[in-house]
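# Fold and geometry: a report
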Amino acid sequence: MAFVELAIVLVREWKLLLLEILKMPNDAIHIYIGVICFWLVSRKMSGLWRLLIPGLLISLILEVPDLGFNWIAYHSFAWRESFTDIVGTSLIPVLWVASRPGAFRGLSYR
């Protein structure tokens, strides 16, 4: 288990170093990651709602080390912070997809 804890701490330190180098808040980084993932995927995939899947997966993967670090350091998960990071990563792409004509065509409301 010590290897997993060391890996989680190292990933956390890498993320903090990246934030320090970029001189941007954590939330801004999440927004940029979401928009860049969406832009890259939108050039290759079709289907409006499927465009959101890669960005959501990346945001979930990026939250695993944070949840692990919080568990190691505080013996609890910071669910609210992780949720806001995931929403921050996905919000602009979701709004863009929802605003497209025909985005809700074919969805059943029953």
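Shown above is the structure to which this text applies.
Residues numbered from 1 in each chain as written. Predicted model: local features only at pLDDT ≥ 70, side-chain atom pairs only at ≥ 80, totals over all residues. Heavy atoms only, no water.

Now for the packing of helix α2 (residues 26-42) against helix α4 (residues 79-99). At their nearest, the axes of α2 and α4 sit 8 Å apart, and the two run at 40° to each other. When the axis of α2 is compared with that of α4, the two are oblique. Once α2 is placed against α4, the crossing between them reads as right-handed. Residues N26, D27, H30, I31, I33, G34, V35 and F38 of α2 form the contact with α4, whose participating residues are D85, G88, T89, I92, P93, W96 and V97. For the contact of α2 with α4, the class distribution of residues is eight nonpolar, five polar and two charged. (Axes fitted to C-alpha atoms, helices over the stretch in contact; angles between N-to-C directions. Helix = DSSP H or I, 4+ residues; strand = E, 2+ residues; numbered from the N terminus. Parallel < 35°, antiparallel > 145°, perpendicular 65-115°, else oblique. Left-handed = near helix turned anticlockwise from the far one by under 90°. Contact = heavy atoms within 4.5 Å. Nonpolar A, V, L, I, M, F, W, Y, C, P; charged D, E, K, R; others polar.)

What follows is about the pattern of salt bridges. Applying the stated criterion to the full structure yields two salt bridges. D66 is paired through a salt bridge with R12; the nearest N and O atoms lie 3.4 Å apart. Remark: R12 occurs in helix α1 (residues 2-22) and D66 occurs in helix α3 (residues 52-74); sequence separation between them is 54 residues. K15 is paired through a salt bridge with D66; the nearest N and O atoms lie 2.9 Å apart. (Salt bridge = Lys/Arg side-chain N within 4 Å of Asp/Glu carboxyl O.)

Examined against the element boundaries, D85 turns out to sit in helix α4. For the buried D85, no salt bridge is present, and the opposite-charge side chain at shortest range is K15, 6.2 Å distant. Discounting chain neighbours no more than four positions away, the residues touching D85 are N26, D27, H30, E63 and D66. (Buried < 20%, exposed > 50% of the residue type's maximum accessible area, 1.4 Å probe, protein only. Lys, Arg positive; Asp, Glu negative; His and termini not counted.)

F38, V41, L51, L52 and V97 together form the largest nonpolar core, which totals five residues. Here V41 is in contact with L51 and P54, once residues within four sequence places are set aside. (Core = buried A, V, L, I, M, F, W, Y, C linked by side-chain atoms within 4.5 Å.)

Taking 1.5 Å of rise per residue, the 23 residues of α3 would be expected to cover 33 Å, and the 32 Å separating its terminal C-alpha atoms lies within 8% of that figure. The largest bend in α3 is about 25°, located at E63, with the proline P65 one to four residues further on. Along α3, the residues classified as buried are L52, G55, S59, E63, P65, D66, L67, G68, F69 and N70. Close packing links the buried residues of α3 with α1, α2 and α4. (Expected span 1.5 Å × (residues − 1). Bend = angle between axes of the 7 residues up to and from the residue.)

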